[in-house]
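The lines below spell out each chain.
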Amino acid sequence: HLGAGGIDKAFQLPIDASAQAWARNLLAGWPRPWLAVGVGARWTTKRWPPAHFAEVVRRAQAEFGGTAIFVGAPDEALLAREAARELTGRVLELVGQTSLPQLTAVLGACDLMLGNDTGPLHLAVALGRPVVAPYTCTVSRKTGPFGAQHRVVETQVPCAGSYVKTCDRMDCMRELSPDRLWPSLREVLSTWSSNRLSA
(Lines give C-alpha, C1' and ligand atoms only; values in the text may rest on other atoms or scores of the structure.)
Protein backbone atom coordinates (compact mmCIF):
# COMPACT_ATOMS: atom_id res chain seq x y z
CA HIS A 1 0.00 0.00 0.00
CA LEU A 2 2.93 2.33 0.54
CA GLY A 3 4.50 1.50 -2.83
CA ALA A 4 7.55 -0.22 -1.33
CA GLY A 5 6.96 -3.71 -2.70
CA GLY A 6 9.20 -5.13 -5.40
CA ILE A 7 11.94 -2.57 -4.99
CA ASP A 8 15.46 -3.98 -5.09
CA LYS A 9 17.74 -2.50 -2.51
CA ALA A 10 20.90 -0.89 -3.91
CA PHE A 11 23.95 -0.40 -1.73
CA GLN A 12 26.75 2.07 -2.41
CA LEU A 13 29.85 0.87 -0.59
CA PRO A 14 33.07 2.71 -1.41
CA ILE A 15 36.30 0.75 -1.74
CA ASP A 16 39.57 2.34 -0.64
CA ALA A 17 41.73 2.96 -3.71
CA SER A 18 44.94 1.64 -2.15
CA ALA A 19 43.16 -1.49 -0.89
CA GLN A 20 41.67 -1.98 -4.34
CA ALA A 21 45.12 -1.78 -5.95
CA TRP A 22 46.45 -4.22 -3.33
CA ALA A 23 43.65 -6.70 -4.07
CA ARG A 24 44.13 -6.34 -7.82
CA ASN A 25 47.85 -7.14 -7.50
CA LEU A 26 47.17 -9.99 -5.10
CA LEU A 27 44.64 -11.71 -7.36
CA ALA A 28 46.45 -11.15 -10.65
CA GLY A 29 47.44 -14.47 -12.15
CA TRP A 30 45.06 -16.58 -10.06
CA PRO A 31 42.60 -18.46 -12.27
CA ARG A 32 38.98 -17.38 -12.34
CA PRO A 33 36.30 -17.65 -11.19
CA TRP A 34 37.45 -16.15 -7.92
CA LEU A 35 35.25 -17.82 -5.32
CA ALA A 36 35.39 -16.20 -1.89
CA VAL A 37 34.73 -18.79 0.81
CA GLY A 38 33.75 -17.90 4.38
CA VAL A 39 33.58 -20.99 6.56
CA GLY A 40 33.39 -19.18 9.88
CA ALA A 41 30.68 -17.61 12.01
CA ARG A 42 30.57 -16.45 15.60
CA TRP A 43 27.71 -18.83 16.46
CA THR A 44 28.54 -22.52 16.18
CA THR A 45 24.96 -23.08 14.98
CA LYS A 46 25.66 -20.98 11.86
CA ARG A 47 28.91 -22.78 10.96
CA TRP A 48 28.24 -25.18 8.11
CA PRO A 49 30.93 -27.90 8.45
CA PRO A 50 34.28 -27.29 6.72
CA ALA A 51 33.98 -30.69 5.03
CA HIS A 52 30.69 -29.56 3.45
CA PHE A 53 32.35 -26.41 2.12
CA ALA A 54 35.23 -28.48 0.79
CA GLU A 55 32.87 -30.84 -1.02
CA VAL A 56 30.97 -28.13 -2.91
CA VAL A 57 34.13 -26.14 -3.68
CA ARG A 58 35.74 -29.33 -4.99
CA ARG A 59 32.77 -29.84 -7.33
CA ALA A 60 32.90 -26.19 -8.40
CA GLN A 61 36.59 -26.36 -9.24
CA ALA A 62 36.18 -29.67 -11.08
CA GLU A 63 33.55 -28.13 -13.36
CA PHE A 64 34.50 -24.45 -13.57
CA GLY A 65 38.14 -24.27 -12.44
CA GLY A 66 39.06 -21.13 -10.59
CA THR A 67 40.45 -20.21 -7.20
CA ALA A 68 38.96 -20.70 -3.74
CA ILE A 69 39.80 -17.59 -1.71
CA PHE A 70 39.26 -18.22 1.99
CA VAL A 71 38.36 -15.10 3.99
CA GLY A 72 37.39 -14.39 7.57
CA ALA A 73 38.55 -13.45 11.03
CA PRO A 74 41.78 -14.76 12.61
CA ASP A 75 39.91 -17.17 14.90
CA GLU A 76 38.42 -18.88 11.81
CA ALA A 77 41.80 -19.84 10.33
CA LEU A 78 41.68 -23.44 11.58
CA LEU A 79 38.23 -23.97 10.06
CA ALA A 80 39.41 -22.56 6.74
CA ARG A 81 42.55 -24.69 6.79
CA GLU A 82 40.45 -27.78 7.48
CA ALA A 83 38.38 -27.12 4.35
CA ALA A 84 41.31 -25.99 2.20
CA ARG A 85 43.42 -29.08 2.81
CA GLU A 86 40.69 -31.24 1.24
CA LEU A 87 40.92 -29.36 -2.05
CA THR A 88 43.11 -30.19 -5.01
CA GLY A 89 42.34 -26.99 -6.95
CA ARG A 90 43.89 -23.57 -6.47
CA VAL A 91 43.53 -22.09 -2.97
CA LEU A 92 44.41 -18.66 -1.60
CA GLU A 93 44.16 -18.45 2.20
CA LEU A 94 43.54 -14.90 3.47
CA VAL A 95 41.77 -15.69 6.75
CA GLY A 96 42.98 -13.31 9.42
CA GLN A 97 45.41 -11.65 7.00
CA THR A 98 43.39 -8.70 5.72
CA SER A 99 42.33 -5.37 7.15
CA LEU A 100 38.65 -4.47 6.73
CA PRO A 101 39.41 -2.25 3.69
CA GLN A 102 41.48 -5.08 2.15
CA LEU A 103 38.72 -7.63 2.79
CA THR A 104 36.23 -5.24 1.19
CA ALA A 105 38.48 -4.90 -1.86
CA VAL A 106 38.98 -8.66 -2.19
CA LEU A 107 35.26 -9.34 -1.93
CA GLY A 108 34.55 -6.57 -4.41
CA ALA A 109 36.87 -8.23 -6.92
CA CYS A 110 35.59 -11.79 -6.41
CA ASP A 111 33.12 -13.32 -8.84
CA LEU A 112 30.91 -14.75 -6.09
CA MET A 113 30.93 -15.71 -2.44
CA LEU A 114 30.02 -18.93 -0.66
CA GLY A 115 29.61 -18.43 3.05
CA ASN A 116 27.62 -18.69 6.23
CA ASP A 117 25.14 -16.06 7.41
CA THR A 118 27.80 -13.72 8.76
CA GLY A 119 29.63 -10.44 8.14
CA PRO A 120 31.71 -11.21 5.02
CA LEU A 121 28.66 -12.68 3.25
CA HIS A 122 26.62 -9.54 3.81
CA LEU A 123 29.59 -7.36 2.90
CA ALA A 124 29.80 -9.23 -0.43
CA VAL A 125 26.08 -8.58 -0.97
CA ALA A 126 26.58 -4.86 -0.32
CA LEU A 127 29.37 -4.92 -2.92
CA GLY A 128 27.06 -6.41 -5.53
CA ARG A 129 28.66 -9.85 -5.59
CA PRO A 130 26.33 -12.86 -5.96
CA VAL A 131 26.34 -15.11 -2.92
CA VAL A 132 25.37 -18.67 -2.07
CA ALA A 133 24.70 -19.42 1.58
CA PRO A 134 23.68 -22.35 3.77
CA TYR A 135 21.19 -21.17 6.42
CA THR A 136 20.91 -23.43 9.46
CA CYS A 137 19.69 -21.69 12.62
CA THR A 138 18.70 -18.45 10.85
CA VAL A 139 16.14 -17.81 8.12
CA SER A 140 16.58 -15.83 4.93
CA ARG A 141 13.34 -13.86 5.29
CA LYS A 142 14.84 -12.17 8.37
CA THR A 143 18.58 -12.07 7.67
CA GLY A 144 18.90 -13.16 4.07
CA PRO A 145 20.66 -11.28 1.29
CA PHE A 146 18.64 -8.85 -0.84
CA GLY A 147 18.45 -9.45 -4.57
CA ALA A 148 17.52 -12.11 -7.10
CA GLN A 149 21.13 -13.03 -7.91
CA HIS A 150 21.65 -14.61 -4.48
CA ARG A 151 20.89 -18.19 -3.47
CA VAL A 152 20.09 -19.25 0.08
CA VAL A 153 19.56 -22.91 0.97
CA GLU A 154 17.79 -23.37 4.29
CA THR A 155 17.70 -26.43 6.48
CA GLN A 156 14.38 -28.27 6.73
CA VAL A 157 14.71 -29.66 10.26
CA PRO A 158 11.86 -28.86 12.71
CA CYS A 159 14.01 -26.40 14.69
CA ALA A 160 15.09 -24.42 11.62
CA GLY A 161 15.27 -20.70 12.26
CA SER A 162 15.58 -21.11 16.02
CA TYR A 163 18.30 -18.46 16.31
CA VAL A 164 19.95 -20.40 19.13
CA LYS A 165 23.70 -19.91 19.41
CA THR A 166 24.59 -23.37 20.72
CA CYS A 167 23.02 -26.79 20.19
CA ASP A 168 23.79 -30.32 21.33
CA ARG A 169 22.17 -31.98 18.30
CA MET A 170 23.13 -29.93 15.22
CA ASP A 171 20.72 -31.99 13.07
CA CYS A 172 20.63 -29.12 10.59
CA MET A 173 24.26 -29.67 9.62
CA ARG A 174 23.53 -33.24 8.54
CA GLU A 175 20.24 -32.39 6.83
CA LEU A 176 21.64 -29.46 4.85
CA SER A 177 24.10 -31.57 2.92
CA PRO A 178 26.49 -30.58 0.13
CA ASP A 179 24.13 -32.32 -2.30
CA ARG A 180 21.38 -29.88 -1.33
CA LEU A 181 23.54 -26.77 -1.74
CA TRP A 182 25.49 -27.75 -4.85
CA PRO A 183 22.70 -27.04 -7.42
CA SER A 184 22.49 -23.43 -6.20
CA LEU A 185 26.24 -22.91 -6.38
CA ARG A 186 26.37 -24.54 -9.80
CA GLU A 187 23.56 -22.27 -11.04
CA VAL A 188 25.37 -19.10 -9.96
CA LEU A 189 28.67 -20.32 -11.43
CA SER A 190 26.94 -21.25 -14.71
CA THR A 191 25.49 -17.74 -14.91
CA TRP A 192 28.95 -16.27 -14.26
CA SER A 193 30.45 -18.50 -16.95
CA SER A 194 27.77 -17.61 -19.51
CA ASN A 195 28.12 -13.88 -18.80
CA ARG A 196 31.89 -14.07 -19.13
CA LEU A 197 31.69 -15.89 -22.48
CA SER A 198 29.21 -13.37 -23.87
CA ALA A 199 31.19 -10.33 -22.66
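Everything that follows concerns the structure shown earlier in this document.
Let's talk about the pattern of salt bridges
Oppositely charged side chains can pair when the atoms bearing their charge come close.
Here is step 1: Within the structure shown, the criterion is met by nine salt bridges.
Here is step 2: Salt-bridge contacts for Asp-171 lead to Arg-174; the nearest nitrogen and oxygen are separated by 2.3 Å. Remark: Arg-174 and Asp-171 occur in helix H7 (residues 171-175); sequence separation between them is three residues, near one turn of the helix.
Here is step 3: The partly exposed category is assigned to Asp-171, whose relative accessible area is 23%.
Here is step 4: The exposure class of Arg-174 is exposed, given its relative accessible area of 55%.
Here is step 5: Through salt bridges with shared partners, a single ionic network connects Glu-55, Arg-58, Arg-59 and Asp-179.

Examining the nonpolar core
Here is step 1: Formed by 33 residues in total, the largest nonpolar core has its most connected members in Val-37, Val-39, Phe-70, Leu-114, Leu-181 and Leu-185.
Here is step 2: Looking at this core element by element, the count peaks at six residues for helix H2 (residues 50-64).
Here is step 3: Val-37 has contacts with Phe-53, Val-57, Ala-68, Ile-69, Phe-70, Val-71, Met-113 and Leu-114, leaving out every residue within four places of it along the chain.
Here is step 4: Formed by 23 residues, the second largest nonpolar core is a distinct cluster that contains Ala-36, Leu-92, Ala-133 and Tyr-135.

As for the side chain of Thr-67
Here is step 1: Following the sequence through the fold, Thr-67 ends up in strand E2 (residues 67-70).
Here is step 2: Judged by its relative accessible area of 2%, Thr-67 is buried.
Here is step 3: With sequence-adjacent residues up to four places away left out, Thr-67 is seen in contact with Trp-30, Pro-31, Pro-33, Trp-34, Leu-35, Gln-61, Arg-90, Val-91 and Leu-92.

Let's talk about helix H4 (residues 100-109)
Here is step 1: Among the residues of H4, those classed as buried are Leu-103, Thr-104, Ala-105, Val-106 and Leu-107.
Here is step 2: Structurally, H4 contributes buried residues whose contacts are with helix H1 (17-27), strand E1 (34-38), E2, strand E4 (112-115) and helix H5 (119-126).

Some remarks on empty space enclosed by the protein
Here is step 1: Tallied over the entire structure, the rule returns one cavity of 30 Å³ or more.
Here is step 2: A volume near 50 Å³ is recorded for the largest cavity.
Here is step 3: If you go around the largest cavity, the residues you meet are Pro-33, Leu-35, Val-57, Ala-60, Gln-61, Gly-65, Gly-66, Thr-67, Ala-68 and Leu-189.
Here is step 4: Counting only elements with at least two residues in the lining of the largest cavity, the list comes to H2 and E2.
Here is step 5: In terms of residues, the lining of the largest cavity owes the most to one element, H2, which gives three residues.
Here is step 6: Split by residue class, the lining of the largest cavity holds six nonpolar, four polar and no charged.

The rules behind the values
- Residues numbered from 1 in each chain as written.
- Predicted model: local features only at pLDDT ≥ 70, side-chain atom pairs only at ≥ 80, totals over all residues.
- Heavy atoms only, no water.
- Salt bridge = Lys/Arg side-chain N within 4 Å of Asp/Glu carboxyl O.
- Helix = DSSP H or I, 4+ residues; strand = E, 2+ residues; numbered from the N terminus.
- Buried < 20%, exposed > 50% of the residue type's maximum accessible area, 1.4 Å probe, protein only.
- Core = buried A, V, L, I, M, F, W, Y, C linked by side-chain atoms within 4.5 Å.
- Contact = heavy atoms within 4.5 Å.
- 1 Å grid on protein atoms, 1.4 Å probe; cavity = no way out; pocket = protein on both sides within 12 Å on 5 of 7 lines; lining within 4 Å.
- Points joined across faces, edges and corners; volume = space filled by probe spheres on them.
- Nonpolar A, V, L, I, M, F, W, Y, C, P; charged D, E, K, R; others polar.

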